[in-house]
Amino acid sequence: MKAEGRAFTYGNNVDTDVIIPARYLNSTDPRELASHCMEDIDKEFIQKVKKGDMIVAKKNFGCGSSREHAPIAIKAAGISCVIAETFARIFYRNSINIGLPIMECPEAVKEIEDYDEIEVDFDSGIIYNKTKGTQYEGQAFPPFMQKIIKAEGLVNYINQTSLL
Amino acid sequence: MGMTMTQKILAKSAGLEEVEAGQLIESNLDLVLGNDITAPVAIKEMEKMNVKGVFHKDKIALVPDHFVPNKDIKSAENCKSVREFALKNEITHYFEVGEMGIEHALLPEKGLIGPGDVIIGADSHTCTYGALGAFSTGVGSTDMAAGMATGKAWFKVPTAIKFHLTGKPGKWISGKDIILHIIGAIGVDGALYRSMEFTGDGIPYLSMDDRFTIANMAIEAGGKNGIFPVDERTISYMTQHSKKPYKIYEADEDALYEEEYSIDLSSLRPTIAFPHLPENTKTIDEIPEDIPIDQVVIGSCTNGRLEDLRTAAKVMEGKKVKKGLRCIIFPATQSIYLQAMEEGLLKTFIEAGAVVSTPTCGPCLGGYMGVLAAGERCVSTTNRNFVGRMGHVDSEVYLASPAVAAASAVTGKIAGPDEISK
C-alpha cells in the first residue's frame, strides 16, 4: 500500500478544534465536515488540497477532543496520510479505526516543506521526499494495528474476527 | 515486576495476572459512554457490524449533553437518533433532558462508576472517573461502537508518571489550580500516551470535586488517564452515591514510573492558562497588567459541581457583575442545579447579574449559550482555550478556577478572589 501527494505543513499541537470546529459538529456527513476541514488554522486548505495530498505536522497532532469527525474530515478532504512527530492518542486510535493512514517520523517532519512531493510506503514505513530526493524511515504500525488497517478499519476487523 | 494502579486494573480487566507497559491487551468493559455528538456516529458504525444489539443494556450510558436542549435542527436530528437507539436497545442509562447533566458530572453522581472499573467514553474528558480510582479513557465513535457491540476494547498498557502531591493547599486553591500548574509544568503533550498517577499526603486535603477536576484535565496534558488512590473520601462518596460493588486497587511499591514530580500544594497560587493552550499558565501574581474581559463562564465537566458553585457564590455574594460583562453560570447536573437553588447560590448569582443556564456543554466548545465574537475575551472554568474554541477564531479564552472566574466577573478583568473579598 502506497500513497503519493503534496505536503501541507503545520506546527505543534494542531488541535481538533482547528481541524474541525465544534460549530460544525451538528453534522455527521463526511463531505460537509471536509468542507470545513482545517478552516480555523488554514482558511484556504480546502481549496488548495487535492486527492492524495498529505498533512505534515510537528508534535501532538490532533490533541483535544475525541471527535472522530476530525480524522473523518481529513480523510474526506482527500488526504492520503498524516505524518507527524507525535500524535495525540485518541486521534491516533480514531485514525486507525476509520482507516486514515498516519505515521510518526520526526526526521521527515523536520525536512519536508510545503508542496514537497511525498511518497509513503505503509508496508515498509519508508517516506520518500521526491522534491528533495531524500528518504526517511517512519515507524511502521505494530502487527495488531496493521491488521485493523488492512481490514480498512475496526468495524470490518470486528466483523472478520472472533471479538464478537 | 511491580505494577502501577492503572496497570493492575487493566490486568484484571483482561483476565491477566500481570501486564507490562507496551503490552497490547483486550479488556472487558464495565461501562461504555457516548453523547449527542459522538453517539450518532457510533450508532451508524454499529449498524455496519454483524451484531443483533448491544452487549449489555445496563453497561452503556447515553447522555445527550453537548447541544441540548437542541440548539438547531441538525442537533435535534442527532439527539433523535440517540433517543431512538436507546429505546430500541432498552438502554437503562439513557438520560433525557430533565434528568440529564454533563456526562462526567452525571455518571459518578448516579453511582455508575466504581473504583477498579474500566470505562471508555466517546468524549475526551472521560478520564474524569480516575478520581474514583477507576481506569477511564476517551475514545472515538468507532471504539464506542465496538465497545457497545462487544463489551471489549483493546489497549496498549501505558507507562506512567507519578505526581507526588504534598502539603495543604491555601484558601482559594482548588483542583483547577493544581492541574493547571501541572499542565504548565509538563506541557500539553507532557503525559502523551501515559497514565498520570496521583499520590501523596496532600491528597486527603482534596475534596472529591477537586479530584474530579484534576483527573478531568489529564487529557489536556496528553495523558491516557489520570488516577487517584481510593481513600476514605472516595469510599464515603461511593456510599452516598452508589450501590455498585467495587474493588480497590493499589500500586505496587516497586511499580515503575518513567518520571516523578513532587508538588507542594501549599506553595500554589491561583493559576490561569492564557490563550491558546492550557500549558500557557501564569499565576495571578505574574499577570503584568489589567486584562479586561467580556465574558465569564462558570461550569462544565471540569468545574460545574456544587463546590465550584459554592466558591463562586462566596466570591460574588453581595457584589455585581461588572457592567457590560456577561457572566454565564451552568450547573453540571439537574441535581447540582437543585441543590444550588436550595442553598441560595442561584439567588446570589442572579442578584449579582449573572445568568444561570440549564446543564449543557454548549459554551465550553463554542456550540451555543455563550459564543464569543471577534476580539472578545472570556475567563472560563472550562478545560480548553484553543484557537476558536469558544467562538470566533480571533477570540480568547483564559482558563481559571471558579474563584478567579467569579472575581473576574465582578472586576471586569482577570482578578484573584483576594482582590475583592477582603
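Just so it is clear, the structure is predicted and the values come from calculations on it, not from any experiment.

The rules behind these values
- Residues numbered from 1 in each chain as written.
- Chains lettered and ligands numbered in written order.
- Predicted model: local features only at pLDDT ≥ 70, side-chain atom pairs only at ≥ 80, totals over all residues.
- Heavy atoms only, no water.
- Contact = heavy atoms within 4.5 Å.
- Buried area = accessible area lost by both parts, 1.4 Å probe.
- Salt bridge = Lys/Arg side-chain N within 4 Å of Asp/Glu carboxyl O.
- Polar contact = N/O pair within 3.5 Å; in protein donor to acceptor, adjacent residues only side chain to side chain.
- Helix = DSSP H or I, 4+ residues; strand = E, 2+ residues; numbered from the N terminus.
- Core = buried A, V, L, I, M, F, W, Y, C linked by side-chain atoms within 4.5 Å.
- Buried < 20%, exposed > 50% of the residue type's maximum accessible area, 1.4 Å probe, protein only.
- Pairing = 2+ DSSP bridges.
- Axes fitted to C-alpha atoms, helices over the stretch in contact; angles between N-to-C directions.

K.L.:
Help me understand the interface of chain A and chain B, please; the structure alone is not making it clear to me.
P.N.:
In many reports, interface size means the accessible area that the parts give up when they come together. On the side of chain B, 51 residues touch chain A, which itself brings 42 residues to the contact. For the pair chain A and chain B, the summed buried surface comes to about 3,900 Å²; carbon and sulfur atoms form 58% of the total. The largest per-residue losses of area from chain A upon contact with chain B belong to Asn26, Arg89 and Arg93 of chain A, which jointly make up 19% of the total buried on that side. Our count for the contact surface shared by chain A and chain B stands at four salt bridges. The partner of Glu32 of chain A in a salt bridge is Lys74 of chain B, with the nearest N and O atoms 2.5 Å apart. Our count for the chain A to chain B interface comes out at 22 residue pairs in polar contact (both at pLDDT 80 or more). Only α1 (16-19), α4 (69-76), α5 (89-98), α7 (143-150) and α8 (154-160) of chain A provide two or more residues apiece to the side of chain A that touches chain B.

K.L.:
Is there a simple way to explain the nonpolar core in this structure?
P.N.:
Side chains of nonpolar character tend, in soluble globular proteins, to be buried together. Phe61 of chain A together with Phe349 of chain B are the most contacted members of the largest nonpolar core, which has 193 residues in total. The element contributing the most residues to this core is helix α13 (residues 402-411) of chain B, with seven residues. Leave out the neighbours within four places in its chain, and Phe349 of chain B touches Leu309, Ala312, Ala313, Met316, Ile329, Ala354 and Val356 of chain B. With 16 residues, the next largest nonpolar core counts Met54, Cys81, Ile83 and Val120 of chain A among its residues.

K.L.:
Sorry if this is basic, but what is going on with the sheet that holds strand β3 (residues 60-63) of chain B here?
P.N.:
Hydrogen bonds between backbone groups are what pair the strands of a sheet, and the pairing can be parallel or antiparallel. Residue and element names in this part refer to chain B. Overall, parallel pairing links the five strands, which are arranged β4-β3-β2-β5-β6 in an open sheet. Two strands in the sheet have a free side with no partner beyond their single neighbour: β4 (93-94) and β6 (135-138). Relative to strand β5 (residues 118-121), strand β2 (residues 31-35) is paired through three bridges, and the arrangement is parallel. Residue pairing in the sheet places Val32 in a bridge with Ile120 of β5. Here helix α5 (residues 141-150) sits on the sheet in contact with β2, β3 and β5, set at roughly 135° to β2.

K.L.:
Can you help me understand the pairing of strand β15 (residues 326-330) of chain B in this one?
P.N.:
Residues in a regular strand project their side chains so that they alternate between the two faces of the sheet. All names here are of chain B. Most of β15 sits inside the fold, with four of its five residues counted as buried. Inspection of the sheet shows strand β14 (residues 295-299) paired to β15 by five bridges, in the parallel sense. Bridging from a neighbouring strand, Ile298 pairs with Ile329 of β15. Note that β15 and strand β16 (residues 355-356) share two bridges and pair parallel. Residue Ile328 lies in a different strand from β16, and its bridge partner there is Val355.

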